[in-house]
Every structure is written in C-alpha cells, then in structure tokens.
Amino acid sequence: YSQKEKRLLWDIESISTRPVDDDVAAIMTRKVLRMPPDVLYALSVAACFGRRVDENILKVLCSSDQFGGVIEILQRVETDGIIQKQGTYFVFAHDLVHQAVYDLIDVDEVGELHYNIGLQLVKDISPSNFPTGKESFVAIDQINKASSSVYFTDLSFRNHLATLNLKAGERLIETAESSSALVYLQHGIRHLGRDGWEENYELCLKLYESACQACYLNGFFNRVVFYAEEIDKHTTDFMRRVKAVWILIQTLGSSGKPEMAIEKAFSALRELGEEFPEGVTEADIFSTLSSTKALLSTYTKEMILNAPKLRDERKQWAIKIMDNISPFLFQINPVYLPIFGCRTVLISLSHGFCRDFWFGFLSYAHSVVSILADIDEGYRWAKIAGFIIDRFNAKSLLPRFKCVINGGVNFWKEPLQSTASALTESSKEAIAIGDVEYVMYGSSLSCVQNLLCGNKLSTLEKDIAVTVSGMVRMNQAYFLFSQLSLQKAVYALTGIKSDPFEIKFASMKNETDVISAFSATRPFLVQGVYFNIIFTAVLFRRFDEVSEVAEKYLSFGQQKSRLQDLFLVFFQGLAAFNMFRHKGRDTKWLRIGESSMRQLQLWAGHSTWNFDNKFFLLEAESHFSKGEYDRAEMKYLSAIKSSRTHRFLHEEGLSLELLSSFYEACEREDDQRNHLSRAIQCYKEWGALGLLNDSRFAGLV
C-alpha cells in the first residue's frame, strides 16, 4: 500500500516469478483438466521438455505442421497462470502443474510424442559437425525418452541416433560433466541393440570406450570392468582395445589395486613391443640414466623443440601407458621410474615427440636430481618438458604437469610456498577438466607441502577434510590412508580430539594397521605414514621417537626423491644432536647429525629459501653439542631470522624453542623465558593449539 498514492501497488512481473504453494497448484491442476484439447496438446508438448522450455527451441519445433501454433496457444493461456513467460522460457507455475499436464498424456502416446518432437529437432544435427549449443542435447534427450523399440526399427536411423549420443557424451566428458555423459553413452549403446557389435563395430567400440572413460571419471569402477570386458570379448586386435586397457589400468590403480594395475600395464607394454626386465638393480638404473644423460647432452633446447612429432601409434600408446602407471609405480616399485623416464626419452629422440611424453621426461629429470644428484641438470630438463607441452598446446595436460613438477622437482630450486600454491591450483584445474586421479594426487601433495612450509593449520585442516571427503566420494582408496595419517598429525597439532581413521570407508582402523598391511607391497605409502609420525614427534620434542621411527623409514631404502625424504634428513639431524646431548654422548649420534648438516648445506646451495634456515639450525645444534656456545648462539639467531624471512613460521617457532633450551643450559633464565614466549607466539599464529597443551608450556600459554 502506498501512502503517497493512497492505493495498493503491485509488480506483476515480480509476482509472476514467485513460487506457487501446493494448495494453489492443486487448484491450477483441476483447471488444466477443463481446458480445450488444443490447449492441452500445446501444454503437453511443453511438458515433454520438463518444467520449462526455451521459446527458441519451440520455434524450431513449430516450423513443422504437426506442432504449428504451439507458441501462440502457450502465450494465450499465459494469463491463466498455468504457464508463465520468464525471459525466453515458458515455465510451468509449479512442479505439480507440470506433472499433472505430463500425466495427462496417454501412456501409449507419450513415447510417440517424445519421438516426434525429437525427430523434428534432430533432423538438422550432423554428427560430423556436432553443435555446441544446448539445443542439440535437448533434441537428443527427446529421442532418448521415446524408449519403445517400435520407433527404432530402421538400422541407419539407429546408427545415426547412437552417433549423436556418442558425440554428446564425448562433448560432456571434455567439459568434465561425466555423469551426464554416461547417460548419453548408455542410450547410444541401447540404440545399437544386441547386434551392435556385428552391425556397426566401429561405432559400438567408440561407445564402449567412452562409457569406460565416463564410468572411471564417475568412480563407477565395477562398470569400467564390465565395459572393458565387453570390448575384450569382441576384439582380438590389441590396438583396437588398447584405449579400454589404458582406462582399466587407471581404474585398477585408483580403486586400491595398484599391483594389478602394474601387472596389466607391463602386459600391455609387452603387447606394444616395449620389454622391461623383471628385476632392476641400482647399477642398471645408474647406467641407464648416465647413458641417457650423455645422449641428451648432444641436444639443445631448440633441437628438442623443433623435433618431429611422433607418428607411430604403438609408441604413442606405450608412452601413454608408462605415464598412466608411473604414479602407482612411484609408491610400490619406484626403481622402474628412471627406466620408464629414459625409455620415453629414447622413444622421443628416435621416433618423435607426442603430447604424452611429458611424464617420462619429468621422471628422467627427477631421477637425474635424486639419483645422479645433478640438481641443476634435472631442473633444466623439467623446464624444457614444459616448453614442449606448450608446443603441443596440450592445455588439458597442464594440471598433471604442474602437479608432478611442483611435487617432485621445483622444490629443489623454488620457494616451497610457491610450489605448494601451484599444487593447490593444479588440483583446481584438474577438477575443471575431470581428471580425477590428479585431483587426488595434487591435493595430497598440496596438503603435505602446505604443512611443511608452515601455512596456517586451520586452513590446512579444512583442506585435508575436503580432500579426504573427495577421496571417499570418488572411491580413490589408493591415496586415502596416507591422507588420513596426515590428518591425524594435523589433529594432534591443533588439538582436535577426533580419530580420522573412524570414517566408514577406511578398512584400516589406525596407522599400525596401515603399516602392517602395506609394508611388503607399498613402501612409499608406509614411509608416508612414518613421516607424519616423525613430523609430529619433532614438534612435540620426542626426539627418541623420531630416531626410532626414522630407522624404520630408512629400512625401506634411503631415497632423495620426495620432499619428505629431504625433511627426514633435517629431522633426523635434529634428533641425533639431541640424542647426543641427552643419551650418553654417543658419537654415533654426532656422526648422524653432522651427515645431515652436510646434506642441508649442499641443498642450501641450490635453494637458500628452502634450506638455509634448516642448515643454520643444524649448525647451531652441532656447536651446542660440542660446547661451542658463542657459535651456537649466532647460528640459532641466523636460523630464526632466515625462518622468518622465508616464511617458515613453524620452523621459526622451533628455532626459538631450541634456542630457549640452549639458554636454559647456559643458565640465562631471562633469555630462556623471552625466547620461549616468542616460540609460543609463533605456534599460536600457526594454529598449533594442541602443541601448546604440551606440559613443557605449562603456565606460559
């Protein structure tokens, strides 16, 4: 009511868009039943599209005699409130009204009506030039809803419909809408019927391959196996079924069966002519890497970028499968990664480059860093791999490339905060293109790096929860257990009283179960669990536990291939100096600490940002252990300053706390209290409230 105009005012347009309640809908439904036949027919046509239909689609439909006049009738009954115009859409006033109209269509005629609508809409759609607009999908939907086989007796028409559904499914897979894609692909298979393999083998194969892919992206792993087995049943030529095998390998790995995935991959590689030895020794690896490095030394970046493209289809698939299986090999049998990397390099140099070569080159670069200890050379080739991806304009591979290069190479040279951020972004980009495996892989690496660079624990705790939820939702069992272990470490630091292993999806009830179950088969997974225990123990100053668990970690082999391997060296050094001072001054501990210190000094030469503060802290601990107190104090202060400058908040707190312990030993009580208070502030800012509940902070927090 307007006081100024002394009357009621209303906005017809706003009122028309407001929802109708159920009682009013019931009245409208009774009103529909009393409408004349031509109006009911027009409403029935509209109801076939759902609660709303675009007028532009109806215009195409109304160009035929059968549906002429539908738009005019809908415009006429708009004033009755049954259907309303909102922009370019005709919208039924309520779901109940739409359902009532749709239910009025005779059950024997509804399929025919959908069929006739679809027939009119699809007649101008060409599979060879499939349109990108929504109209194409609406048209195919109408045909698909005509479920009765009586409308699909003509073989050429059924092939046409199956092809349209294939194109729709492929387009949706490209846009990361795999759930909708699967619906179209299943309809395409249905249109071909039981004799599809005999009547149109090529089309049937493409539909089953795409259905395999859509099921994998949706996490329907049992269905992947079903479609892959159907392809295998009807195909004797390996090259005709290699795509399904490739998807099946991904599925087996992601569903917690990496051993089966690896076995399948090696079998496929043999079919493609790529043989690998059953056992690989350290000498084999070193020899292969050295010879490949010598070969690459004769190539410049420009020569690589201008090299020919790979045309041999068998070699292309061999590279794709090696790329496919490498993340699982990394966890279970990493000795093959350098071999795979070198084989990819040799294939590329001999036969040409393809868009999938990148993982092999990164594996080679990673191996040059971690095995040959040539950090600069490995880093250089990793960057060149990125340039070749640009050459192929392979944007869909960038999330994978960013994940692997930032998770395995860049941290040797670039700030850890930068690589952690890049991993987070790579996961988001992988989500956008539906790359399930690398969403999980990137998220896992991102969470680890965000912990190690001292980013806020409150944010990290939320990120881990989202990642775990995604792993459960998408059946990514392979990554789940290490992530639950990481979540447990963060809970301990933040003071959250909950057990991550209690989620229903986890068949393991604690870290001990994980270690027992996978020690023989997945050493990298077990090492990941051990590392999370070590990280927590370092912050809680349980250095005897650090030393004990570090020995178990190293029982699987001393690697320098992951960021956690580097941090282990740092943590082991801290524990060793502490054990030397508090466990009888056994020189064994001093030797371990000095060895760790030399390693950190070497790495600091490649990245002062990531390693200087750690090297300074080990130097300080070394001087303290040897009674060189003046030098120790200077190095502690250097470690604190470097940690602050390079934004390692948690390590600034750790350095302050260790300096406080040093001052306590020197009986400098004021300095001890001052620096412990500053350590507490760092831990508070980090969000480590659980850590501050430890008894050593009693009365100070």
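Residue numbers run consecutively from 1 along every chain, following the written order of its sequence. Two thresholds apply to this predicted model, a pLDDT of at least 70 for residue-level local features and 80 or more for giving and counting side-chain atom pairs, whereas whole-chain, interface and lining totals are computed over all residues. Side-chain measures here rest on the full set of heavy atoms in the structure, leaving out hydrogens and waters.

Novice: Could you clarify how one ought to interpret the overall build of the chain in this entry?
Specialist: Think of it this way: any DSSP run of H or I at least four residues long counts as a helix, any run of E at least two long counts as a strand, and we number them from the N terminus. The secondary structure content of the chain amounts to 36 helices and three strands. Its C-alpha atoms put the chain at 100 × 80 × 45 Å along the principal axes. Looking at the chain residue by residue over its 701 residues, the buried ones come to 57%. Method for areas: the Shrake-Rupley scheme with a 1.4 Å probe, in which residue coverage is limited to the protein chains shown. Counting only carbon and sulfur atoms, one obtains 50% of the accessible surface of the chain, whose full area is about 30700 Å². Positive charge is attributed to Lys and Arg, negative charge to Asp and Glu, and no charge count is given to His or to the chain ends. Every charge is mapped to an atom, namely NZ of Lys, CZ of Arg, CG of Asp or CD of Glu. Here the chain contributes 77 positively and 86 negatively charged side chains, and the mean placements of these two sets differ by 3 Å. Only protein chains enter the calculation, and the probe is 1.4 Å; a residue is then buried if its accessible area is under 20% of its type maximum, exposed if over 50%, and partly exposed in between.

Novice: Teacher, can you tell me more about the environment of Asn222 here?
Specialist: For Asn222, the location among the structural elements is in helix H13 (residues 221-234). Placed 293 residues apart in sequence, Asn222 and Ile515 show a C-alpha to C-alpha distance of 27 Å.

Novice: Mind showing me how you'd approach the side chain of Ser210 here?
Specialist: Looking at the element boundaries, Ser210 is found in helix H12 (residues 201-218). Residues within four places of Ser210 in sequence aside, it is in contact with Leu166, Glu170, Ile173 and Leu185. By definition in these notes, contact holds between two residues if any of their heavy atoms fall within 4.5 Å.

Novice: Would you mind going over the state of the cysteines with me for this structure?
Specialist: In protein structure, a disulfide is the covalent linkage between the sulfur atoms of two cysteines. When two cysteine sulfur atoms are found within 2.5 Å, that pair is recorded as a disulfide. What the rule picks out here adds up to zero disulfides. The thiol of Cys403 is not disulfide-bonded; the next cysteine sulfur, from Cys447, is found 12 Å away. By relative accessible area, Cys403 is classed as buried at 0%. The thiol of Cys447 is not disulfide-bonded; the next cysteine sulfur, from Cys453, is found 11 Å away. Residue class for Cys447 comes out buried when judged on its relative accessible area of 2%.

Novice: Any chance you could explain the packing of helix H15 (residues 258-271) against helix H18 (residues 313-332) here in plain terms?
Specialist: Each axis is a line fitted through C-alpha atoms, taken for helices only over the stretch in contact, and angles between the N-to-C directions span 0 to 180 degrees. Contact geometry for H15 and H18: axes closest at 9 Å, N-to-C directions at 155°. In this view, H15 runs roughly antiparallel relative to H18, as classed from their interaxial angle. Every pair of crossing elements has a handedness; the one defined by H15 and H18 is left-handed. Packed against H15, whose contacting residues are Pro258, Glu259, Ala261, Ile262, Ala265, Phe266, Ala268, Leu269 and Glu271, the element H18 presents Arg314, Ala318, Ile321, Met322, Ile325, Phe328, Leu329 and Ile332 at the interface. Here the angle decides the label: under 35 degrees means roughly parallel, over 145 means roughly antiparallel, 65 to 115 means roughly perpendicular, and every other value means oblique. We call a crossing left-handed when the near helix sits turned anticlockwise from the far one by less than a right angle, and right-handed when that turn is clockwise.

Novice: Got a minute to help me understand the pairing of strand S3 (residues 89-92) in this structure?
Specialist: Both faces of the sheet carry side chains from a regular strand, because those side chains alternate between them. With burial as the criterion, each face of S3 is covered, one bearing Tyr89 and Val91 and the other bearing Phe90 and Phe92. Here the rule is simple: two strands pair whenever DSSP picks up at least two bridges between them. As paired elements, strand S1 (residues 52-54) and S3 share three bridges and run antiparallel to each other. From the neighbouring strand, Val53 faces S3, where its bridge partner is Phe90. Examined bridge by bridge, strand S2 (residues 83-86) and S3 share four bridges and lie antiparallel to one another. Counterpart to Ile83 in the pairing with S3 is Phe92.

Novice: I keep staring at the nonpolar core and nothing clicks. Help me out?
Specialist: Side-chain atoms within 4.5 Å are what join buried Ala, Val, Leu, Ile, Met, Phe, Trp, Tyr and Cys residues into a set we call a nonpolar core. Judged by nonpolar contacts, the single largest core of 244 residues is most densely connected at Leu43, Phe49, Trp358, Tyr683 and Trp686. In terms of residue count, helix H30 (residues 563-582) provides more of this core than any other element does, 13 residues in total. Those residues in contact with Trp358 that lie beyond four places of it in its chain are Asp323, Ile389, Leu397, Arg400, Phe401, Val404 and Tyr438.

Novice: Help me understand the packing of helix H27 (residues 511-518) against helix H28 (residues 523-539), please; the structure alone is not making it clear to me.
Specialist: Two packed helices can be described by the angle between their axes and the distance between those axes. It is the contact of H27 with H28, at a shortest axis distance of 9 Å, that shows an interaxial angle of 155°. Between H27 and H28, the angle falls in the class roughly antiparallel. In the crossing of H27 with H28, the sense of the turn from one axis to the other is left-handed. Residues Glu511, Val514, Ile515 and Phe518 of H27 form the contact with H28, whose participating residues are Pro523, Leu525, Val526, Val529, Tyr530 and Ile533. Of the residues assigned to the contact of H27 with H28, the class counts are nine nonpolar, no polar and one charged. Polar here means any residue other than Ala, Val, Leu, Ile, Met, Phe, Trp, Tyr, Cys and Pro, which are nonpolar, and Asp, Glu, Lys and Arg, which are charged; Gly is therefore polar.

Novice: Help me understand the pattern of salt bridges, please; the structure alone is not making it clear to me.
Specialist: Should their charged atoms come close, side chains of opposite charge can pair. Here, a salt bridge means any side-chain nitrogen of Lys or Arg that lies within 4 Å of a carboxyl oxygen of Asp or Glu. Inspection of every chain in the model, using the stated rule, returns 35 salt bridges. In this structure, Asp376 and Lys413 form a salt bridge, with 2.7 Å as the shortest nitrogen-oxygen distance. With Asp376 in helix H21 (residues 375-391) and Lys413 in the loop between helix H22 (398-408) and helix H23 (416-433), this residue pair connects regions lying 37 residues apart in the sequence. Between Asp694 and Arg696 there is a salt bridge, with its nearest N and O atoms 2.7 Å apart. With a relative accessible area of 22%, Asp694 lands in the partly exposed category. For Arg696, a relative accessible area of 23% gives the class partly exposed. Within this structure, Arg541, Glu657, Asp694 and Arg696 form a network of salt bridges that share partners.

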